[in-house]
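# Descriptive analysis of the structure
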2 protein chains.
Amino acid sequence: MLPGVGVFGTGSTARVLVPLLRGEGFEVHALWGMSEEEASSLAQELGIPFHTSQSDDVLLHPDVDLVCIYISPPLTRQIAVKALGIGKNVVCEKAATAVDAFKMVTAAQYYPQLLSIVGNALRFLPAFVAMRQLLAEGYVGELQVCDARVYGPSLLDQSYGWTCEELMGGGGLHTVGSTLVDLLSHLTGARAMRVHGLLRTFVGQNGAIHGIRRVTSDDFSFFQMLMGGSGSGRGAGTGTGSGVCCTVTLNFNMPGAFVHEVMVVGSAGRLVARGTELYGQRNGGNGEELLLGDSGGTGQEVKDVPLPHLRGLGSMVTALKYAFQAQEERRSWARGPVAMASTFEDGLYVQTVVEAVKRSSRSGEWESVEVMTQEPDPNQNLCEVLQINKN
Amino acid sequence: MLPGVGVFGTGSTARVLVPLLRGEGFEVHALWGMSEEEASSLAQELGIPFHTSQSDDVLLHPDVDLVCIYISPPLTRQIAVKALGIGKNVVCEKAATAVDAFKMVTAAQYYPQLLSIVGNALRFLPAFVAMRQLLAEGYVGELQVCDARVYGPSLLDQSYGWTCEELMGGGGLHTVGSTLVDLLSHLTGARAMRVHGLLRTFVGQNGAIHGIRRVTSDDFSFFQMLMGGSGSGRGAGTGTGSGVCCTVTLNFNMPGAFVHEVMVVGSAGRLVARGTELYGQRNGGNGEELLLGDSGGTGQEVKDVPLPHLRGLGSMVTALKYAFQAQEERRSWARGPVAMASTFEDGLYVQTVVEAVKRSSRSGEWESVEVMTQEPDPNQNLCEVLQINKN
């Protein structure tokens, strides 16, 4: 039985998510927006019966069993944790910081019977499902290098907001880089041990952001990850990813372009996902072969939602349907269909990598990726100061 | 009047160079090979009247006024310096080390009336000539990022030799990376101030290299250059390149592929050279436009000589013809037609960057690029030890 859905967010992803959910038979009962106007406007456009700017009104809505959270990173943790506390299943976007991600992990572990996934749609894109499968089957031999690049137009909103602020989770690294960090770990079955990166903000002001306001979030970044042992143990092959170098280049100063390319190179061949299509070439073979074309179907390209994310979102919603449909209870779900999803633990790992890359860009050095195992004491700095003064 | 030519080397570049020289009207009088057999075999194949394995026999040959040196890096310095000392014009490949490159600079400065260029053919490729021109004209606006990538099959020779040895100038960084370091400096009119890099040797042994022998040269590398003020002052635009980030990815574990792509991104648009073709896109324009197709003409793709290098080599030989043909003396030349060539000073800069990237790969840190201004004293270490013991 499919659960009723409440959607948080009025941005481009929320806008495409609602029709995808309905297409699979989910009913969307409630919509939350940052302001009453935004909520009302989108609810009217999409024909959603209930809208609000009070988060509790959605979380406590009796018909909502599954909460989809596609809002600005600083608000995600609060709503996700509260939703789990109320007993609702959660699909959400990334948090703003590792500390927030850690709090989400704690909540998810406290309610293991509830669904809690980070909605990185790329994992569900058929091209990447196939790439992971082929990696496990040894298509490329021993994996050596992963190279991902995304080029596109500016990620900044029309007006000043979180997208402009590094500390609020804005910027290419946090927004797009994090989906690649997650994907590369999923594909290789390994996690970054050390990272090195370089971030730049080339466009500090524009027509909409001027005066005393400046963009602090990155529009260009470039980072390397040295992968170590298997992280989650759910990777494509046991230990295949150990010793692999991953390189990621992100450039959002390229209006009119959208390039989304992930290449994995090994001792026996290579695989490249260009947009939503997968190509492969074995060493000694007759050139590149198309392994998976774009199936189309789940809709046209939508402004601000790149095709790989749109198609992936469609596949993720389908997987959610399979997870729920055979269950008698509206809040029960089967793990199998969503086993490939990014968990909140994965979300914490990704956030840790993102912060390590930012640290590296400041220090100029390789930084270790050390995933938090306990919440940092907010009074720690204070304690240290007291300690120093005592001596 | 065109000078008589002596060619050093029997490799793939020497093999394509001879017909290109003849096509422009140069006479090739002498060929040097590492062994008598190699020299004899290629001389017979190409119909060169004289061959030898003694370098002096070519350098002192009365009909040779221009010496083209395409041999393994450790031998380049010795022959280039000697050729200048005998009063011959020199076009040569890169040296093995910065110290060697410095000695070549000293020799070139001592004989300023002789032609002395490093034969980086990419500078002459029409796509890059046009790219540099368009950069100077402001096509991309303020330059932000350069991104170069070369993917191809292994660079190792069939048998064990210098290509396998990092210290002998083998590896993708030294062989191919150096041409890109030179090109990016030429295009941007700026020089790398700091570099960061990562080198890997994924294939340590193969069918031809086994037993106790191991490859030490890199087959994968990935480096970043932060560009500073104008280096040679001959760049595309004054100061355009300052603050630019350059990223270079080289992967030579991709049999059957050849990708050669250089992209420059600025505030108003971008230019991309794919292979020998140049594409451009202005922000707000109607997609990408082909700015320069491949003219063809200078021959088919040749094994081991990528098309951009082959075409560039053809254009360089044409430039050499123009430099010499209007002169009365066989050894006189006009600077204009070869003004865009890489000088020995540029060669020293490139070598310095290559060594800084290697240092960075070992240290894991950003390394400064400091071009040598005097030859290091080979006894310096000894002196330091004596100094320490004295105290």
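Residues numbered from 1 in each chain as written. Chains lettered and ligands numbered in written order. Predicted model: local features only at pLDDT ≥ 70, side-chain atom pairs only at ≥ 80, totals over all residues. Heavy atoms only, no water.

### Things to note about the pairing of strand β7 (residues 143-151) of chain B
Residue and element names in this part refer to chain B. Our working rule: Relative accessible area decides the class of each residue, using a 1.4 Å probe on protein chains only: under 20% of the type maximum gives buried, over 50% gives exposed, and in between gives partly exposed. By the criteria applied, helices consist of DSSP H or I runs no shorter than four residues and strands consist of E runs no shorter than two, each listed in order from the N terminus. Two strands make a pair as long as DSSP finds a minimum of two bridges between them.
Summarising burial for β7: nine of the nine residues are buried, a large majority. Here β7 pairs with strand β11 (residues 259-266) via eight bridges, running antiparallel. Each bridged residue has a counterpart across the sheet, and for Leu143 the counterpart in β11 is Gly266. Sheet topology note: the β7/strand β10 (residues 245-251) ladder contains seven bridges and is parallel. When the bridges of β10 are listed, Val150 appears paired with Leu250.

### Considering the sheet that holds strand β13 (residues 277-282) of chain B
Residue and element names in this part refer to chain B. Test applied: Only heavy atoms matter for contacts: two residues are in contact if any of them lie within 4.5 Å across the pair. For helices, the fitted axis covers only the stretch in contact; all axes are lines through C-alpha atoms, and the angles between them, taken along N-to-C directions, range from 0 to 180 degrees.
Overall, mixed pairing links the nine strands, which are arranged β14-β13-β12-β11-β7-β10-β9-β8-β16 in an open sheet. Every other strand in the sheet has two partners, leaving β14 (289-292) and β16 (367-368) as the edge strands with one partner each. Sheet analysis places strand β8 (residues 192-200) next to β16, joined by two bridges and oriented antiparallel. Each bridged residue has a counterpart across the sheet, and for Arg194 the counterpart in β16 is Ser368. Sheet contacts for helix α9 (residues 344-363): β8, β9 (220-227) and β16; angle to β8, the most-contacted strand, approximately 55°.

### Some thoughts on the domain arrangement of chain A
Residue and element names in this part refer to chain A. The following threshold applies: An automatic or database domain assignment supplies the start and end points of every domain. Take the accessible area each of two parts loses on contact, using a 1.4 Å probe, and add the two losses: that sum is the buried area.
Here chain A is described as being made up of domain 1 (4-121 + 304-349) and domain 2 (123-292). Contact with domain 1, which involves 26 residues of that partner, is made by 26 residues of domain 2. Summing both sides of the interface, domain 1 and domain 2 together bury roughly 2200 Å²; the carbon and sulfur share of this comes to 63%. Contact with domain 2 buries area across many residues of domain 1, yet Asn120, Met340 and Tyr349 alone supply 33% of it, more than any other trio.

### Concerning the packing of helix α4 (residues 73-86) of chain B against helix α5 (residues 98-110) of chain B
Residues and elements named next belong to chain B. Convention followed: Here roughly perpendicular refers to angles of 65 to 115 degrees, roughly parallel to angles under 35, roughly antiparallel to angles over 145, and oblique to all remaining angles.
The interhelical angle for the contact between α4 and α5, taken along N-to-C directions, is 10°, at an axis separation of 9 Å. One finds that α4 runs roughly parallel with respect to α5. Each of Pro74, Thr76, Arg77, Ala80, Val81 and Leu84 in α4 lies in contact with α5, whose residues at this interface are Asp100, Lys103, Met104, Ala107 and Ala108.

### Focus on the packing of aromatic side chains
Note the threshold: We call Phe, Tyr and Trp rings a pair once their centres come within 6.5 Å, taking the six-membered ring for Trp, and we label the pair stacked below 30 degrees between planes, edge-to-face above 60, and tilted otherwise. Criterion for a charge above a ring: Lys NZ or Arg CZ within 6 Å of the ring centre, and within 35 degrees of the ring normal.
Evaluated as defined, the whole model comprises seven aromatic pairs over all chains. Ring centres of Tyr110 of chain B and Tyr111 of chain B lie 5.1 Å apart, and the angle between their planes is 85°; on these two criteria the pair is classed as edge-to-face. Residue classification places Tyr111 of chain B among the partly exposed positions, given a relative accessible area of 22%. Just above the ring of Tyr279 of chain A sits the side chain of Arg274 of chain A; from NZ or CZ to the centre is 4.9 Å.

### Section: the relation of the copies chain B and chain A
Operational definition: The atoms used to superpose the copies are C-alpha atoms, taken from residues with pLDDT of at least 70 in both, and the fit is least squares.
When chain B is brought onto chain A, the operation consists of a screw motion whose angular component is 180° and whose axial shift is 0.0 Å, with 0.0 Å RMSD remaining. What we have between these two chains is a two-fold relation. Across chain B, the smallest distance between a C-alpha and the rotation axis is recorded for Glu365 of chain B, namely 2.7 Å. Both copies contact each other with a shared surface, as 100% of the interface residues of chain B are interface residues in chain A too.

### Considerations on the interface of chain B and chain A
Put simply, the rule reads: The term salt bridge refers to a side-chain nitrogen of Lys or Arg lying within 4 Å of a carboxyl oxygen of Asp or Glu. Polar contacts, as used here, are pairs of N or O atoms within 3.5 Å; protein pairs need one atom able to donate a hydrogen and one able to accept it. Residues neighboring in sequence count only if both atoms are side-chain atoms. Put simply, Ala, Val, Leu, Ile, Met, Phe, Trp, Tyr, Cys and Pro go in the nonpolar bin, Asp, Glu, Lys and Arg in the charged bin, and everything else, Gly too, in the polar bin.
With 31 residues of chain B in contact, the opposing surface of chain A contributes 32 residues. Both sides of the chain B and chain A interface together cover about 2800 Å² of buried area, and 64% of this is carbon and sulfur. Sorting the residues of chain B by area buried against chain A places Gln144, Phe202 and Phe222 of chain B first, and these three jointly supply 18% of that buried surface. For the pair chain B and chain A, the interface holds two salt bridges. Taking the shortest distance from any N to any O, the salt bridge between Arg149 of chain B and Asp147 of chain A comes out at 3.4 Å. Linking chain B with chain A are eleven residue pairs in polar contact (both at pLDDT 80 or more), by the criterion used here. Those elements that provide at least two residues to the side of chain B that touches chain A are β7, β8, β9, β10 and β11 of chain B. Of all the elements, β7 of chain B adds the most residues to the side of chain B that touches chain A, at five residues. The residue makeup of the side of chain B that touches chain A, split by class, is 15 nonpolar, eleven polar and five charged.

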